[in-house]
Amino acid sequence: MLVAAPALPIWAQVGPKRLAHIQRVAALLESWGAAMSLPPAEHERWLRAGWLHDSIKDAPTGELRSLAPECDWDEELLHGPAVANKLLAEGERDPELVMAVRWHSVGCVGWRSTGKALYCADYLEPGRSFDREGRAALAERFPKEPDAVFREVVMRRVEWTERSGWPLLEPTRELWNSLR
Ligand SMILES: [Fe+2]
């Protein structure tokens, strides 16, 4: 069954590279949802999450901070909460969608299918240059084994964070502990 094709909101602030990334994430979510025969409402939620998640990532840091005043995270991580708050201010009423977008850079133990799929698609989309083969294999596996792939992606992202010397934020630690 066809689902409605979402697009960027009018308040989006994205450059051409970001737009291309967003399109690849949405395309992956589209293909996964089709392969999994998701109910149309859920499939549409996955696609909206893909289109929205980075939709103001190229906004000035000051604007992101003012949209997410509750957040003292590094500026790289502010766009998720900023988009989530913007959506709520615009009248969005789907808590699963807002939760998926809010936590997509960090991880969240309370996620349902949308948050998990977005987190995986953001990492597995084919435009990223590292480990192309390994990530393509995980992307292909996702429709059959979404939970196993999600766990693998969380593990890889936690390992990368630790190797890079970034602090592991509490929501990320909680998510990882829930999957071990
Ligand atoms: Fe992204």
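The preceding data block contains the structure.
Residues numbered from 1 in each chain as written. Predicted model: local features only at pLDDT ≥ 70, side-chain atom pairs only at ≥ 80, totals over all residues. Heavy atoms only, no water.

Enquirer: Can you walk me through the overall build of the protein in this structure?
Expert: Check the secondary structure of the protein and you find nine helices and zero strands. Each helix and strand of the protein, placed in order from N terminus to C terminus, yields the pattern α-α-α-α-α-α-α-α-α. By principal-axis analysis of the C-alpha atoms, the protein measures approximately 40 × 40 × 30 Å. Out of the 180 residues in the protein, the part that is buried amounts to 43%. Of the contacts made within the protein by residues no fewer than 6 positions apart, 60% connect residues no fewer than 24 positions apart. Split by element, the accessible area of the protein, about 9300 Å² in all, is 53% carbon and sulfur. Averaging the positions of the 23 positive and the 27 negative side-chain charges in the protein gives two centres separated by 2 Å. (Helix = DSSP H or I, 4+ residues; strand = E, 2+ residues; numbered from the N terminus. Buried < 20%, exposed > 50% of the residue type's maximum accessible area, 1.4 Å probe, protein only. Contact = heavy atoms within 4.5 Å. Areas by Shrake-Rupley, 256 points an atom, 1.4 Å probe, with all protein chains shown as cover. Lys, Arg positive; Asp, Glu negative; His and termini not counted. Charge placed at Lys NZ, Arg CZ, Asp CG, Glu CD.)

Enquirer: I tried to follow helix α6 (residues 113–124) on my own but got confused; where do I start?
Expert: Quick reminder: α-helices carry 3.6 residues per turn. Residues three or four places apart thus point the same way. For α6, with twelve residues, the first-to-last C-alpha span of 16 Å sits near the 16 Å given by 1.5 Å per residue. In terms of burial, α6 is a largely internal element, ten of the twelve residues being buried. For α6, the secondary structure elements touched by its buried residues are α1 (16–35), α2 (40–52), α5 (95–102), α7 (132–141) and α8 (146–164). (Expected span 1.5 Å × (residues − 1).)

Enquirer: What is the right way to look at the nonpolar core in this model?
Expert: One broad trend across soluble globular proteins is that nonpolar side chains are buried collectively. Membership of the largest hydrophobic core comes to 44 residues, with the highest contact counts inside it found for Leu-29, Trp-32, Cys-120 and Leu-124. Broken down by secondary-structure element, the contributors of at least two residues to this core are α1, α2, α4 (79–89), α5, α6, α7, α8 and α9 (170–179). (Core = buried A, V, L, I, M, F, W, Y, C linked by side-chain atoms within 4.5 Å.)

Enquirer: Is there a simple way to think about the coordination of the iron ion in this case?
Expert: Reference values for angles at a metal are 109.5 degrees in the four-donor tetrahedral case and 90 or 180 degrees in the six-donor octahedral case. The iron ion binds to the protein through His-21 (NE2), His-53 (NE2), Asp-54 (OD) and Asp-122 (OD), with metal-donor distances spanning 2.2 to 2.3 Å. Considering all four donor atoms around the iron ion, angles at the metal cover 83 to 166° and the coordination shape is irregular. Residue class for Asp-54 comes out buried when judged on its relative accessible area of 2%. (Donors = N, O, S within 2.8 Å, 3.2 Å for Na, K, Ca; no water. Tetrahedral: all angles 85-135°; square planar, octahedral: opposite > 155°, others 65-115°.)

Enquirer: So what exactly am I meant to see when it comes to the packing of α4 against α5 here?
Expert: Helix-helix packing: each pair is described by the crossing angle between the helix axes and the interaxial distance. Running from N to C, α4 and α5 cross one another at 155°; their axes reach a closest spacing of 7 Å. As far as their axial angle goes, α5 and α4 are roughly antiparallel. Mapping the contact onto sequence places Gly-80, Pro-81, Val-83, Ala-84, Asn-85, Leu-87 and Leu-88 in α4 and Leu-97, Val-98, Val-101 and Arg-102 in α5. (Axes fitted to C-alpha atoms, helices over the stretch in contact; angles between N-to-C directions. Parallel < 35°, antiparallel > 145°, perpendicular 65-115°, else oblique.)

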